[in-house]
Amino acid sequence: MHTFGYRANALLTLGVTILALMCAMASFSDNFNLPSPSAHVQVLNVNWFQKQRNGNDEVSLTLNISADLQSAFTWNTKQVFVFLAAEYETTQNALNQISLWDAIIPSKEHAKFSIHTTNKYRLTDQGSNLRGKEFNLTLHWHVMPKTGKMFADNIIMTGYRLPGDYR
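Residues numbered from 1 in each chain as written. Predicted model: local features only at pLDDT ≥ 70, side-chain atom pairs only at ≥ 80, totals over all residues. Heavy atoms only, no water.

### Details of the nonpolar core
Next, step 1: One finds L84 and L100 to be the most contacted residues of the largest nonpolar core, which totals 33 residues.
Next, step 2: When residues of this core are traced back to their parent elements, those giving at least two are β1 (38-51), β2 (57-68), β3 (77-88), β4 (96-105), β7 (134-145) and β8 (151-161).
Next, step 3: Apart from residues lying up to four places away in sequence, L100 is in contact with L61, L63, L84, A85, A86, N119, K120, Y121, L123 and L137. (Core = buried A, V, L, I, M, F, W, Y, C linked by side-chain atoms within 4.5 Å. Buried < 20%, exposed > 50% of the residue type's maximum accessible area, 1.4 Å probe, protein only. Helix = DSSP H or I, 4+ residues; strand = E, 2+ residues; numbered from the N terminus. Contact = heavy atoms within 4.5 Å.)

This is the structure we're talking about:
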């Protein structure tokens, strides 16, 4: 006859195996979700554009950010981290990325939003490379699942330009 310990071990092993199988199936099912989010960002105003004492350019922008990330949510999504980055090229670096705004979206109900804000983080360049510079605004999002691998994607919006003179 089997002892109590042997039976408990067998039951616990069965439970953990079933749980692992369910987690693997949940993670696999997210591969069939093809999100189609949309976003639009308007630069309403350049509040100030100045050269700091150390010679770096610094910009403050007023932004209108609207996005619909509801399609990124599935039953396995815990939350979505979203951020807006300014991206531009300089002679020193092929790609410069500066985060301007971020948020955590806890549920599908909050995934469709429109925000009127100034940049949360300063748009600062190491040097005086921003005058008259063309840049892209890219909305990045990272889907954090309850189980499985994290998924990231972005939408690039082009056609923005900073003023040629300091304000």
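### Some words on the sheet that holds β7
Next, step 1: With antiparallel pairing, the 4 strands of this open sheet are ordered in space as β4-β3-β7-β8. Strands at the two margins of the open sheet, each flanked by one partner only, are β4 and β8. Averaged over all pairs of adjacent strands, the angle between their axes in this sheet comes to 20°, without regard to strand direction.
Next, step 2: Bridge count between β7 and β8: 9 bridges; the pairing is antiparallel. Bridged to H140 within β8 is N154. (Pairing = 2+ DSSP bridges. Axes fitted to C-alpha atoms, helices over the stretch in contact; angles between N-to-C directions.)

### Here we look at the layout of surface pockets
Next, step 1: As a volume, the largest pocket reaches approximately 280 Å³.
Next, step 2: Along the walls of the largest pocket sit 16 residues, with D30, N31, N33, K149 and F151 positioned nearest its centre.
Next, step 3: Here the lining of the largest pocket is built from residues that sort into 6 nonpolar, 8 polar and 2 charged. (1 Å grid on protein atoms, 1.4 Å probe; cavity = no way out; pocket = protein on both sides within 12 Å on 5 of 7 lines; lining within 4 Å. Points joined across faces, edges and corners; volume = space filled by probe spheres on them. Nonpolar A, V, L, I, M, F, W, Y, C, P; charged D, E, K, R; others polar.)

### Here we look at the pairing of β1
Next, step 1: Sheet topology places β1 next to β2; 12 bridges connect them, and they run antiparallel. In the strand pairing of β2, N45 is matched with T62.
Next, step 2: Counting the residues between successive antiparallel strands, the hairpin from β1 to β2 contains 5 residues, one of them, G55, with a positive phi of roughly 95°.

### Regarding a nonpolar patch on the surface
Next, step 1: On the surface, L11, L14, I18, L21, M22 and M25 cluster together to form a nonpolar patch covering roughly 640 Å² of accessible area.
Next, step 2: Turning to its location among the elements, L14 is positioned in helix α1 (residues 4-29). (Patch = residues over 30% accessible without salt bridge, like charges linked within 9 Å, V, L, I, M, F, W, Y side chains within 5 Å. Areas by Shrake-Rupley, 256 points an atom, 1.4 Å probe, with all protein chains shown as cover. Salt bridge = Lys/Arg side-chain N within 4 Å of Asp/Glu carboxyl O.)

### With respect to the pairing of β2
Next, step 1: Burial analysis of β2 places 9 of its 12 residues in the buried class, the great majority of the element.
Next, step 2: As paired strands, β2 and strand β6 (residues 123-125) are joined by 3 bridges and run antiparallel to one another. Note that in β6 the partner of E58 across the bridge is T124.
Next, step 3: Where β2 and strand β5 (residues 112-118) come together, 7 bridges link them in antiparallel fashion. Bridge pairing in β5 links D68 to K112.

### Notes on the side chain of D57
Next, step 1: Position of D57 relative to the elements: it lies in strand β2.
Next, step 2: The buried charged residue D57 lacks any salt bridge partner; its closest oppositely charged side chain belongs to R131, at an N-O distance of 4.6 Å.
Next, step 3: In this structure the side chain of D57 is engaged in a polar contact, spanning 2.6 Å, whose partner is the side chain of Y166.
Next, step 4: Setting aside residues no more than four positions away along its own chain, D57 makes contact with F49, Q50, K51, L123, T124, D125, G127, S128, N129, L130, R131 and Y166. (Lys, Arg positive; Asp, Glu negative; His and termini not counted. Polar contact = N/O pair within 3.5 Å; in protein donor to acceptor, adjacent residues only side chain to side chain.)

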